Amino acid sequence: MLKKLFALFILSTLTVSASAQIFGWGKKDRHTYVEIRTDYGVCVVKLYNETPLHRDNFTKLVKDGTYDGLLFHRVIEQFMIQGGDPESKNAAKGVQLGNGDLGYKVEAEFRDSLFHKKGALAAARDDNPEKASSASQFYLVQGKVFTDEELDRLEELRLKGRKIPEYQREVYKTIGGVPHLDQNYTVFGEVVKGIDIIDIISGVATDEFDRPVVDQKMQMRVLRRGEARRLEKQLEEGDS
């Protein structure tokens, strides 16, 4: 009797596992969400599964507490807000930041479908020829809204003839972004809640180095599975 019950248990487990793969319930289909807490409020970013190297690296650093207490050290209105320099923690006022790193890089993961729309999360980098990303420095895109004429000029002058896909043009004409960075810096996530935080921080007063006069500190944490599911439900219902 016990053998039959055990066999039935194994069969039901395999059936559920197979169903999960068929209907998209598997772990590989889940997304990782990270909460970024600032003095102006909280935003939440979704990390893309299409960029697993950046997703896993960012998640590890968040869990390790690497970002806690660091600054958004470079802020340019209608462009982006950048943070993640490990040297920015407790940095003296007026010091130029942006050269700190963790001693390694992350291989570039360019994807045609992932682009610099407003709210995009992307990795900063130096001028290395492989376009590999900084281990910790990142930016959130604010950008601007473009016209067709501006996008045409951009394609001709800065994109060396590369055509922006039509669906991306529509986003750049309505939501906005920074199209000239596409395929040059890895986009690995996007803000799904609290995008107004980018607008607020991008508008603060800055010094000659684009560093905010008043420090803009961050705290981060990875959302737990239950929190992530509730967030996804809210997003499905249109609450962003």
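Residues numbered from 1 in each chain as written. Predicted model: local features only at pLDDT ≥ 70, side-chain atom pairs only at ≥ 80, totals over all residues. Heavy atoms only, no water.

Glancing now at helix 4 (residues 166–174). Taken together, the buried positions of helix 4 are occupied by Q168, R169, V171 and Y172. Buried residues along helix 4 cover an arc of 160° about the axis, so they all sit on one side. Turned more than 90 degrees away from the buried face of helix 4 sit E166 and T174, all of them exposed. (Buried < 20%, exposed > 50% of the residue type's maximum accessible area, 1.4 Å probe, protein only. Helix = DSSP H or I, 4+ residues; strand = E, 2+ residues; numbered from the N terminus. Arc of directions from axis to C-beta.)

Enumeration according to the criterion identifies nine aromatic pairs in this entry. Ring geometry for F58 versus Y67: centroids 5.2 Å apart, planes at 45°, classification tilted. With a relative accessible area of 1%, Y67 lands in the buried category. The interplanar angle of 85° and the centroid separation of 6.0 Å between the aromatic rings of F115 and Y167 together place this pair among those described as edge-to-face. Pair noted here: F115 is in the loop between strand 5 (105–106) and strand 6 (120–123) and Y167 is in helix 4, with a separation of 52 residues, a long-range link. According to the relative accessible area criterion, Y167 is partly exposed, its value standing at 46%. What links up through ring pairs into an aromatic cluster is the set F58, Y67, F72, F138 and F188. Looking at R125, its charged tip hangs above the ring of Y185, at a distance of 4.3 Å from the centre. (Phe/Tyr/Trp six-rings, centres within 6.5 Å; stacked < 30°, edge-to-face > 60°. Lys NZ or Arg CZ within 6 Å of the ring centre and 35° of its normal.)

Below, the discussion takes up the sheet that holds strand 10 (residues 219–222). Taking strand neighbours across the sheet as the criterion, the eight strands line up as 3-4-8-6-9-2-1-10 in an open arrangement whose pairing is antiparallel. Since the sheet does not close on itself, it has two edges, and those belong to strand 3 (72–76) and strand 10, each with one partner. The sheet shows a mean angle of 25° between the axes of neighbouring strands, direction not considered. Of the strand pairs in this sheet, strand 2 (residues 41–47) and strand 9 (residues 187–193) are connected by four bridges, and their pairing is antiparallel. Each residue of the ladder has a partner; that of V44, found in strand 9, is K193. Against the sheet, helix 2 (residues 52–64) touches strand 1 (32–38), strand 2, strand 6, strand 8 (138–141), strand 9 and strand 10, its axis set at about 115° to strand 10. (Pairing = 2+ DSSP bridges. Axes fitted to C-alpha atoms, helices over the stretch in contact; angles between N-to-C directions. Contact = heavy atoms within 4.5 Å.)

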